[in-house]
Amino acid sequence: MSDTVIRVENLSKKYVLGHQQESNSYKTFSGAMSNAVKSITNTFSPHTKKEVNPDIEEFWALKDVSFEIKQGDRVGIIGRNGAGKSTLLKILSRITEPTRGLIRVRGRVASLLEVGTGFHPELTGRENIFLNGAILGMSKVEIQRNFDEIVAFAEINKFLDTPVKRYSSGMYVRLAFAVAAHLEPEVLIVDEVLAVGDMKFQKKCMAKMQDVGKEGRTILFVSHNIQAIYELCSQGVLLNSGRVESVGEPKDVIDKYLSSQNEIVTSNSANQRQTKNFFVKSVACFGNSPDTPILPLGELTIEIDILPSIQTRDLSVHILIIKQEDNRCYLGYDSFDFKAILDDIKNNATARFTLKLPSCPLPPGRYYIDAYIKSYSNHIFEKVEQIAVFSVTEKAVYGNRLYEEKWHGHCLSSASMKVEELNE
């Protein structure tokens, strides 16, 4: 017997988009009847040419997608927004029908695609556990055998007999994942919905999915968290504009995805920002050129253009780089320390301060910039907060391992290690 659990051949999904014009938003009964008669006439008239409706547009969410998944594979599906990831999972979960193509899925499938999928809002948490189990084809005895473990994992014991319509989105996700993971489906499909939960719960879900994979069950996992894909999955699939661009080892697929993210991270929020004494014209943050992303241990350049509205001498800027999520990681650079001081500023002249780091010590994440505009004597004219936000792309930084805070800390540095035996 073949160990192929999922086979997808030339799968395509088309949506028809209707662009309703505002002038036609109101229709009379007589107008509707007239259009109906014209439609019938055109249908049966052999000499009538088929007219193309300019208000109808075809959109192919998936186009000729083919791949195979073996039993026990943990497959991470990645791609940009709109690449077709969620559409693919909905078709594999039998929620949406394909336009054409062939799908074969062997075994029971449990899906966690959207908050509350498969739950009845009027039923309690207890009742929805049994309802979901029945939908998955589980017997009452099987559900009861896993019931206590599901409740403990979801941490909803106090609200077990409360209708789920009163649950928060986090409680919804905890219960939905607990049911999907513990009722022993052959295939577990999880979309980005886990991002709704807190960090502690996300880590618990990742550990559970690793256990599910070790038991020989198959997992399909869609996430923008590249680190999670790298840690969990044994195979990667990269989708781009509805087509499969790459299938293979997670590291190879992730590297191809990241190299295609030609993301120039520039902040427009600072443009035309007027402060009391200065005019912050623009801020730009980029890698080794204005068209490249920022990578850990790669080059980082920050440009701040300032137009003073007061006469001042010896102008300097202190730049703070702060991690957006938790403020635990920040760096400070003062232009005075690098002798980058403007002794005199001409009227209507823009001053550009450029900070260049040859090896960016920032781990993957999102950061914002604060700037102190000050004089040589440390007189602070203004502090301009969050004048730009930029991202450091997730990328393998130490050998084959992606950045992990618990191992690598809050900052990175270029380093080397060796081992040798000493003869005493």
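All figures in this text were calculated on a predicted structure; none of them were measured in a lab.

1. A word on the pattern of salt bridges
Enumeration over the complete set of coordinates arrives at 15 salt bridges. Here Asp-370 and Lys-383 are joined by a salt bridge, their closest N and O atoms 4.0 Å apart. Of this pair, Asp-370 sits in strand 17 (residues 365-375) while Lys-383 sits in strand 18 (residues 380-392); the two residues are 13 residues apart in sequence, bridging distant segments of the chain. Given the relative accessible area of 5%, Asp-370 is considered buried. Connected via shared salt-bridge partners are Asp-3, Arg-7, Glu-9, Glu-68 and Lys-70.

2. A look at the nonpolar core
Counting residues in hydrophobic clusters, the biggest one holds 45 residues, and the most contacted among them are Ile-129, Leu-175, Phe-177, Met-209 and Phe-221. Counting only elements with at least two residues in this core, the list comes to strand 5 (109-112), helix 4 (140-154), helix 5 (169-182), strand 6 (187-190), helix 6 (199-214), strand 7 (218-222), helix 7 (226-232) and helix 8 (250-260). Broken down by element, the residue count for this core peaks at 10 residues, all from helix 5. Counting 30 residues, the second-largest nonpolar core is a separate cluster that includes Val-280, Ile-369, Ala-371 and Ile-373.

3. Description of the confidence of the model for the chain
Averaged over all residues, the pLDDT of the chain equals 79, while 77% of them reach at least 70. Across residues 22-26, where pLDDT falls below 50, the model places 1 contact with residues more than four positions away in sequence or in other chains. Confidence drops under pLDDT 50 across residues 262-271; counting only partners more than four residues distant or on other chains, this segment forms 31 contacts.

4. Here we look at the sheet that holds strand 9 (residues 243-248)
Read across the open sheet, the 6 strands follow the order 5-6-7-3-8-9; overall the sheet is mixed. Because the sheet does not close on itself, it has two edges, and the strands there are strand 5 and strand 9. Taken over all neighbouring pairs, the strand axes of this sheet differ in orientation by 15° on average, direction set aside. Summarising the sheet, strand 3 (residues 74-78) and strand 7 pair through 4 bridges and their orientation is parallel. What sits directly across from Val-75, in strand 7, is Leu-220.

5. Describing helix 4
Counted at 1.5 Å a residue, the expected span for helix 4 with its 15 residues is 21 Å, and the 20 Å between its end C-alpha atoms agrees. At Asn-146, helix 4 is bent by approximately 45°, the largest bend along its length. Buried within helix 4 we find Ile-143, Asn-146, Phe-147, Ile-150, Val-151, Phe-153 and Ala-154. Directly beyond the C-terminal end of helix 4, a positive phi value near 60° is found at Glu-155.

6. Observations concerning the packing of aromatic side chains
Evaluation of the coordinates by the stated rule reveals 5 aromatic pairs. Pairing Phe-119 with Tyr-172 gives two aromatic rings, centres 5.7 Å apart and planes at 25°, and the pair type is stacked. Of this pair, Phe-119 sits in the loop between strand 5 and helix 3 (125-135) while Tyr-172 is found in helix 5, placing the two residues 53 residues apart along the sequence. Overall, the relative accessible area of 13% leaves Tyr-172 in the buried class. The interplanar angle of 70° and the centroid separation of 6.4 Å between the aromatic rings of Tyr-167 and Tyr-172 together place this pair among those described as edge-to-face. Classification of Tyr-167 as buried rests on a relative accessible area of 8%. Among the aromatic residues, ring-to-ring pairing joins Phe-119, Tyr-167 and Tyr-172 into one connected group. The ring of Trp-60 is capped by Lys-63, whose NZ or CZ atom sits 3.8 Å from the centre of that ring.

7. Let's talk about the packing of helix 3 against helix 4
At a closest axis distance of 10 Å, the pairing of helix 3 and helix 4 adopts a crossing angle of 130°. With respect to helix 4, the axis of helix 3 lies oblique. Both helix 3 and helix 4 take part in a crossing whose hand is right-handed. Mapping the contact onto sequence places Arg-126, Ile-129, Phe-130, Gly-133 and Ala-134 in helix 3 and Lys-140, Ile-143, Gln-144, Phe-147, Ile-150 and Val-151 in helix 4. Class assignment of the residues belonging to the contact of helix 3 with helix 4 gives a composition of 7 nonpolar, 2 polar and 2 charged.

8. Description of the pairing of strand 8 (residues 235-240)
Remember that side chains alternate between the two faces of the sheet whenever the strand is regular. Most of strand 8 sits out of view: 5 of its 6 residues are buried. Pairing geometry for strand 8 and strand 9, over 5 bridges, is antiparallel. Counted as the bridge partner of Gly-236 is Gly-248 from strand 9. Counting the residues between successive antiparallel strands, the hairpin from strand 8 to strand 9 contains 2 residues, one of them, Ser-241, with a positive phi of roughly 55°.

9. A few points about helix 3
Along helix 3, the residues that are buried comprise Gly-125, Asn-128, Ile-129, Asn-132 and Gly-133. Each buried residue of helix 3 lies within a common arc of 135° when the element is viewed along its axis, so the set occupies one face. Packed against the buried residues of helix 3 are helix 4 and helix 5. Gly-137 occupies a position one or two residues after helix 3 and carries a positive phi of about 90°.

10. Quick word on unusual backbone geometry
One non-glycine residue, Asn-10, adopts positive backbone phi at about 50°. Mapped onto the elements, Asn-10 comes out in strand 1 (residues 4-18). In this structure, Asp-64 is a non-glycine residue whose phi angle is positive, near 55°. Within the secondary structure layout, Asp-64 lies in strand 2 (residues 56-70). Take Asp-64: its relative accessible area is 37%, and that puts it in the partly exposed class.

Quick notes on the rules
Residue positions are given per chain, counting from 1 as you read along its sequence in written order. For this predicted model, a pLDDT threshold of at least 70 governs which residues receive local features, and a threshold of 80 or more governs which side-chain atom pairs are given and counted, while totals over whole chains, interfaces and linings are taken from all residues. The basis for every side-chain value is the complete set of heavy atoms in the structure, and neither hydrogens nor water enter the calculation. Here, a salt bridge means any side-chain nitrogen of Lys or Arg that lies within 4 Å of a carboxyl oxygen of Asp or Glu. Here a helix means four or more residues in a row that DSSP labels H or I, a strand means two or more in a row labelled E, and each is numbered from the N terminus. Note on exposure labels: buried denotes an accessible area under 20% of the residue type's maximum, exposed denotes more than 50%, and partly exposed covers the range between, all computed with a 1.4 Å probe on protein chains only. The nonpolar core is taken to be a set of buried Ala, Val, Leu, Ile, Met, Phe, Trp, Tyr and Cys residues, with the residues joined through side-chain atoms within 4.5 Å. What pLDDT reports is the predictor's confidence in each residue, on a scale of 0 through 100. Throughout, a contact is declared for two residues whenever any of their heavy atoms are within 4.5 Å. Two strands make a pair as long as DSSP finds a minimum of two bridges between them. Inter-axis angles, ranging from 0 to 180 degrees, are taken between N-to-C directions of lines fitted to C-alpha atoms, where helices are fitted over the stretch in contact. One less than the number of residues in a helix, times 1.5 Å, gives the span that helix is expected to have. Each residue is assigned a bend, namely the angle between axes fitted to the seven residues that terminate at it and the seven residues that start at it. Pairs were defined over the aromatic rings of Phe, Tyr and Trp, the Trp ring being its six-membered one, requiring ring centres within 6.5 Å. Orientation was assigned from the angle between planes: stacked under 30 degrees, edge-to-face over 60, tilted for the rest. Look at NZ for Lys and CZ for Arg. If either is within 6 Å of the ring centre and within 35 degrees of the ring normal, a charge sits over the ring. Roughly parallel refers to an angle under 35 degrees, roughly antiparallel to one over 145, roughly perpendicular to one between 65 and 115, and oblique to any angle outside these ranges. Left-handed is the label given to a crossing in which the near helix is rotated counterclockwise from the far helix by less than a right angle, and right-handed is the label when the rotation is clockwise. Classification convention: Asp, Glu, Lys, Arg as charged; Ala, Val, Leu, Ile, Met, Phe, Trp, Tyr, Cys, Pro as nonpolar; all other residues, Gly among them, as polar. This arc describes the spread of directions from the helix axis toward the C-beta atoms.

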